[in-house]
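Fold and contact review
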Amino acid sequence: MISVKAIVILVLFSSLSWSQYLDMNDVTILMPVPQPGEENLLIKPTDVTRSGELLFPAQNLFVGFELDIGSRRPMIHQTDDFRVIGIRLDHFQRQLYINLVWQKPVNGGIYTQASIHSGHTILDLPIFLSKMEELNHRLRRTNSRGSLPLQVNPTIAAEGFSGRYYQELKKIIMGHISPAFRVTFRSSRHSDGANGFAGWELPINLNQPSVNQFEVIPEYQPIQEPFRNWETYIPYTYLEIKNKLFSNVVTVGGLPPYTTKNFQPLIEDGSRAVTLPERELLEMIGRVYMVENPRIIPGIVQTECMSCHFAQPVRNMTLKLRPGLPYEKFAERMVFTSARYNLQNLSPVPRSNFTMAMGYVENTALWSQRLINETADTLEMLYGNRGALSSVRVRGSH
């Protein structure tokens, strides 16, 4: 006969095993591209939370902005075709929240870099996490168990959007999500490929034009702006915007816990890696590794969109142009590592200069090393001390 003590031990062991069931592709969920006619199975801008509120007031926010320049829809309806192609559980200082990634699937493909990110607090966080774990224990495909590297979600890719896994996942998300506390976006101009980042802390005053209320995302910018984020954002002039951007973040990559140089020069012109002195180049790539390490620089408050999106292309190009330098040895204390989770990058991003951190470009799934590292960091935080977790509004730069 099994003793009471043995039963307690078995229950505790089972509970501990159960409580650590989520993995890389369970907390960062990248959808496959929906087939034509499947788009409405994905989360839409018109979907509402359990309180009956919109996820975010899309038609109020984006009036005055050309989010996807070249779209045939009137500006007030330009977000109508956007769908959630990514669901992330993200965190800052043990505050867990949902980050939805929106793009525009059309006829079985996604061809524009225009995207939206919306940040949401989580209602009934312990129940939400329990449901997510139970869902993955019960319905996740056998071939996706274990620490697989980040990829298009294997279960949804196998079952499609009509499968039980996705249908129950969507139900859990929509049953526990709050209206967005922040919305940021990346515009995409078809004529010359230019992009720009901007966004709002919500709520905004819906009686005033949203274009007058967007939150400036701090960036380091020299006299010649290499990434023209703000050129179309009326009513601000370039000089007014340039002055506003000099905020508490004064170097590309955020606040410096180590003495390293920002890598703005390599964003402006990657070919400079050929002629820069070795020490200076090592320090710049050291800053890149810092940006890619969420333990050093939490993205939500200590850096700006441009650094996170450009870190990997800068690193890839530099390593290609100046191979053989001791980059990782120099940056040993800055490189993100995880003994428990798989940090392999299966995305074609390392072989390209795309600056998409998560999503699709030219119908190709892309994700960055920063995203992989953030995913592992979230899991390590999540299973380090469950009792201290909460979900509150988080304010920061992006």
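Report on the accompanying structure.

Parameters and conventions
- Residues numbered from 1 in each chain as written.
- Predicted model: local features only at pLDDT ≥ 70, side-chain atom pairs only at ≥ 80, totals over all residues.
- Heavy atoms only, no water.
- Axes fitted to C-alpha atoms, helices over the stretch in contact; angles between N-to-C directions.
- Helix = DSSP H or I, 4+ residues; strand = E, 2+ residues; numbered from the N terminus.
- Parallel < 35°, antiparallel > 145°, perpendicular 65-115°, else oblique.
- Contact = heavy atoms within 4.5 Å.
- Nonpolar A, V, L, I, M, F, W, Y, C, P; charged D, E, K, R; others polar.
- Buried < 20%, exposed > 50% of the residue type's maximum accessible area, 1.4 Å probe, protein only.
- Pairing = 2+ DSSP bridges.
- Phe/Tyr/Trp six-rings, centres within 6.5 Å; stacked < 30°, edge-to-face > 60°.

In contact at an axis separation of 10 Å, helix α4 (residues 125-139) and helix α6 (residues 164-176) are set at 180 degrees when each is read in the N-to-C sense. Overall, the two elements α4 and α6 adopt an arrangement that is roughly antiparallel. Of the residues in α6, those touching α4 at I127, F128, K131, M132, L135, N136, R138 and L139 are R164, Y165, E168, L169, I172, I173 and H176. Considering only residue class, the contact of α4 with α6 consists of nine nonpolar, two polar and four charged.

Consecutive side chains along a regular strand alternate between the two faces of the sheet. Strand β5 (residues 115-120) sits mainly inside the fold: five of its six residues count as buried. Looking at chain direction, strand β4 (residues 95-103) and β5 are connected through five bridges and run antiparallel. Looking across to β5, one finds that N99 is bridged to G119.

If you walk through the whole model with that rule in mind, you get four aromatic pairs. Geometrically, the ring pair formed by F56 and W102 is edge-to-face, given 5.2 Å between the ring centres and 90 degrees between the ring planes. Linking F56 in the loop between β1 (28-30) and α3 (58-61) with W102 in strand β4, this pair joins segments that are 46 residues apart in sequence. Each member of the pair, F56 as well as W102, carries the same accessibility label: buried.

Cis geometry marks the peptide bond from L202 to P203; its omega dihedral reads 0 degrees. By secondary structure assignment, the location of P203 is in the loop between β7 (195-201) and α7 (238-245). Look at E362: it is not a glycine, yet its phi comes out positive at around 50 degrees. Mapped onto the fold, E362 is located in the loop between β8 (358-361) and β9 (364-367). Look at N363: it is not a glycine, yet its phi comes out positive at around 70 degrees. According to the relative accessible area criterion, N363 is partly exposed, its value standing at 30%.

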